[in-house]
Amino acid sequence: MTGKLYVVATPIGNLGDISIRAVDILKSVDLVLAEDTRHSKKLFAHYEIGTSLRAFHEHNEKDKTGSIINEINEGKSIAMISDAGTPLISDPGYHLVTKAKKANIEVVPIPGPSALITALSSSGLASNSFTFFGFLPSKPVARLKFLQTKINLDETIIFYESPKRILSTLENMLEVFGESREVCLAKELTKSFETILTDRLPNLIEYLDADISHQKGEFVILVASADKIDLIESEHHLDKILSILCSEMGTSKAAKLAAKITGIDKKHCYKRALAL
Ligand code: SAM
């Protein structure tokens, strides 16, 4: 007999946001793996779930995966939850799910909230095409560099950010994306102080600056896609720079320099230079 691995989404704030099926599964499995067992005990108490909890987090995931797979193969059904939202989404679980699939174990998703989708659904930004990048680099230089490679993306881009860095990250975004880019700041979703503001960056920075309490809590940042007109203009600008540089040096060096000047991806600059 083989057990199953259930990947169960739990609330991102409001305890009511969990499916009936998720509660049933958490009650019926042999064991629940949880990022922080103390944290999950509150959820378990609320829904009268008596199943034993075992710690499973980023520091022990790799060590514990083998024995968990053995337990499932011996017939146990095991559920995995994280502190909030969907496991694996900026949370542990990837290693276990990959190994379980390789061992032909059935992995059953039990869907529920995730902060990025919750934020996107209420942001007012384009939802037909988007990319989620998780947490931004914590060091300002690396963060700026990372953001510069995203300037021209023609889709909504989504990030998680900690309260410690929310102000400096929005300041970096203003430097990179400019004053006119629309951004949604989704704070404390599903909780008492839920705030979802879609505005231009200077106004969002003003909001964060106005009161230190505005910088507290959990944040999702969604950046609107680059304006089509902006995109065309920036391609024209890039072509101009490239034609000057290419007349002075080799294509590869010109592309590298143009990427540094414009913040546009090096490979894209190279392709563009070849097409001149
Ligand atoms: N697995 C979770 C999910 O599915 O969304 C994400 C876990 S990640 C470790 C935690 C980050 O998600 C927070 O720092 C914040 O950026 C975002 N987040 C989680 N809950 C949130 C909420 N209620 N409101 C806004 N952002 C939230």
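Along each chain, residue indices are assigned from 1 in the same order as the chain's sequence is written. Per-residue local features are limited, in this predicted model, to residues with pLDDT of at least 70; the limit for side-chain atom pairs, both in listing and counting, is 80 or more; totals at the level of whole chains, interfaces and linings are taken over all residues. Side-chain measures here rest on the full set of heavy atoms in the structure, leaving out hydrogens and waters.

Re the UniProt feature "domain: RsmI HTH" (unreviewed entry) in the protein chain
UniProt feature "domain: RsmI HTH" (unreviewed entry): in the numbering of this structure it lies at residues 235-276. Helix makes up 86% of residues 235-276 and strand 0%, with an end-to-end C-alpha separation of 12 Å. UniProt positions are given in the numbering used here, feature names are shortened, and annotations may be inferred rather than shown by experiment. Only DSSP runs of H or I with at least four residues qualify as helices, and only runs of E with at least two residues qualify as strands; both kinds are numbered from the N terminus onward.

Points about the pattern of salt bridges
When a carboxyl oxygen of Asp or Glu is within 4 Å of a side-chain nitrogen of Lys or Arg, the pair counts as a salt bridge. A full pass over the atoms with the stated rule returns eight salt bridges. Note that Glu235 and Arg272 form a salt bridge whose closest N and O atoms lie 2.8 Å from each other. Within this pair, whereas Glu235 is found in helix 9 (residues 228-248), its partner Arg272 is found in helix 11 (residues 266-275), the two being separated by 37 residues in sequence. For Arg272, a relative accessible area of 28% gives the class partly exposed. A simple rule labels every residue: compare its accessible area, found with a 1.4 Å probe on the protein chains alone, to the largest value its type can have, and call it buried under 20%, exposed over 50%, or partly exposed in between.

Here we look at the UniProt feature "domain: Tetrapyrrole methylase" (unreviewed entry) in the protein chain
When the UniProt feature table is mapped to this numbering, "domain: Tetrapyrrole methylase" (unreviewed entry) covers residues 4-204. Helix and strand shares over residues 4-204 are 37% and 22% respectively, and the end C-alpha atoms of the span are 45 Å apart.

Let's talk about the packing of helix 3 (residues 61-73) against helix 4 (residues 94-102)
Interaxial distance between helix 3 and helix 4 falls to 9 Å at its minimum, and their mutual angle equals 35 degrees. Between helix 3 and helix 4 the crossing geometry is right-handed. Between helix 3 and helix 4, the residues in contact are Glu61, Lys62, Thr65, Ile68 and Ile69 and Tyr94, His95, Leu96, Lys99 and Ala100, respectively. Grouping the amino acids of the contact of helix 3 with helix 4 by side-chain chemistry returns five nonpolar, two polar and three charged. Angular values range over 0 to 180 degrees, each being the angle between N-to-C directions of two axes fitted as lines to C-alpha atoms, with helices fitted over their stretch in contact. Here a crossing is taken to be left-handed if its near helix is turned anticlockwise relative to the far helix by less than a right angle, and right-handed if that turn runs clockwise. Contacts are residue-level and defined by heavy atoms, with any inter-residue pair within 4.5 Å sufficient. Classification convention: Asp, Glu, Lys, Arg as charged; Ala, Val, Leu, Ile, Met, Phe, Trp, Tyr, Cys, Pro as nonpolar; all other residues, Gly among them, as polar.

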